[in-house]
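# Notes for the structure review
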Amino acid sequence: MKLDDTAILWSAPERERDGRPLLVLLHGYGSHEGDLFSLSPALPLEPVIVSVRAPIAESGGWAWWSRRDSVAGDPPLQIVDAAAKAVIEWLDTLPAGPVSLLGFSQGAAMALQLLRLDPQRFTATVSLSGFVAGGEHPGDTRLAEVKPPVFWGRGTDDAVIPDHAIDRTAAWLPGHTTATIRTYEGLGHAISTPELAEFSGFLRTQAESRRPERNP
């Protein structure tokens, strides 16, 4: 499995990316790289925003794993790992620097799986309307030691993500991450304006906490 280098959207040309942090967008099932990229004007200005396309063509769009291979909320750990490893391999081709993640639905599960694969690599993670894949992962022990910052947002009226996957994620996050958990009343499987404001603020706060203090 490999990402398509021709299906990646960047918020800045290559000459303007050097030395800047990266914010990687991971879209949901049946969507495409332009979906979350439309949020770019509301996201922090400091990082270069890059939106990647999932590798599997399905349901009129693209998927990180096929629904034919999984039950809702319970994809086999190995297929989620395979998709996440494709993102890691793509990131390895880029210059080293701070990387944050923002995923929706399947992309939100991908963002959490990337943390399990490489617990120390990502400076901030936003997981929206998604869940953590079930089962123990080899990276979970180290992740629980590092506890990177994660924003997990979801709506009370989300009919797409099963309750048991939500319950699993709510139990898993506090022990493995420094979690900011937000629930939005009346919100379905979508991103609301208040949620957008909150996770954008979360990303800005995490970025500011990484800046070195200036001498007076």
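Here goes a summary of the coordinates provided. This one's a predicted model, so the numbers in the text were calculated from it and none came from an experiment.

Rules used in this analysis
Residues numbered from 1 in each chain as written. Predicted model: local features only at pLDDT ≥ 70, side-chain atom pairs only at ≥ 80, totals over all residues. Heavy atoms only, no water. Helix = DSSP H or I, 4+ residues; strand = E, 2+ residues; numbered from the N terminus. Contact = heavy atoms within 4.5 Å. Polar contact = N/O pair within 3.5 Å; in protein donor to acceptor, adjacent residues only side chain to side chain. Expected span 1.5 Å × (residues − 1). Buried < 20%, exposed > 50% of the residue type's maximum accessible area, 1.4 Å probe, protein only. Arc of directions from axis to C-beta. Axes fitted to C-alpha atoms, helices over the stretch in contact; angles between N-to-C directions. Parallel < 35°, antiparallel > 145°, perpendicular 65-115°, else oblique. Nonpolar A, V, L, I, M, F, W, Y, C, P; charged D, E, K, R; others polar. 1 Å grid on protein atoms, 1.4 Å probe; cavity = no way out; pocket = protein on both sides within 12 Å on 5 of 7 lines; lining within 4 Å. Points joined across faces, edges and corners; volume = space filled by probe spheres on them.

Right, let's get into the environment of Arg116. Relative to the elements of secondary structure, Arg116 occurs in helix 3 (residues 106-117). Taking the C-alpha atoms as reference points, Arg116 and Thr141, 25 residues apart in sequence, are found 8.9 Å from one another. When neighbours within four sequence positions are excluded, Arg116 is seen to be in contact with Leu77, Val132, Ala133, Gly135, Glu136, His137, Gly139, Asp140, Leu143 and Trp172. Reaching out from Arg116, the side chain makes a polar contact with the side chain of Asp140 at a distance of 2.9 Å.

Attention shifts here to helix 5 (residues 163-176). Counting along an α-helix, one turn takes 3.6 residues, and residues three or four places apart therefore face a common direction. In this model, helix 5 (14 residues) spans 20 Å end to end at C-alpha, consistent with the 20 Å of a helix rising 1.5 Å per residue. Within helix 5, the full set of buried residues consists of Ala165, Ile166, Thr169, Trp172, Leu173 and His176. Viewed along the axis of helix 5, the buried residues span an arc of 140 degrees, placing them on a single side of the element. Residues of helix 5 that are exposed and point over 90 degrees away from its buried face: Asp163, Asp167 and Ala171. Tucked inside the fold, the buried residues of helix 5 contact helix 3, helix 4 (140-146), strand 8 (149-155) and strand 9 (178-184).

Running from amino to carboxyl end, helix 2 (residues 77-91) crosses helix 3 at an angle of 80 degrees, the nearest separation of the two axes being 9 Å. Relative to helix 3, helix 2 is oriented roughly perpendicular. The residues of helix 3 that touch helix 2, namely those facing Leu77, Val80, Asp81, Ala83, Ala84, Lys85, Val87 and Ile88, are Met110, Gln113, Leu114, Arg116 and Leu117. Among the residues making up the contact of helix 2 with helix 3, the classes are represented as nine nonpolar, one polar and three charged.

What follows is about empty space enclosed by the protein. Scanning the model with the defined rule gives one cavity of 30 Å³ or more in all. In this model, the largest cavity occupies a volume close to 110 Å³. Around the largest cavity sit 14 residues that line it, and Pro47, Ser100, Leu203, Ala207 and Arg210 are the ones nearest its centre. Of all the secondary structure elements, the ones that give two or more residues to the lining of the largest cavity are strand 2 (22-26), strand 7 (122-128) and helix 6 (193-210). Sorting elements by how many residues they give to the lining of the largest cavity places helix 6 first, with five residues. Broken down by class, the residue content of the lining of the largest cavity amounts to eight nonpolar, three polar and three charged.

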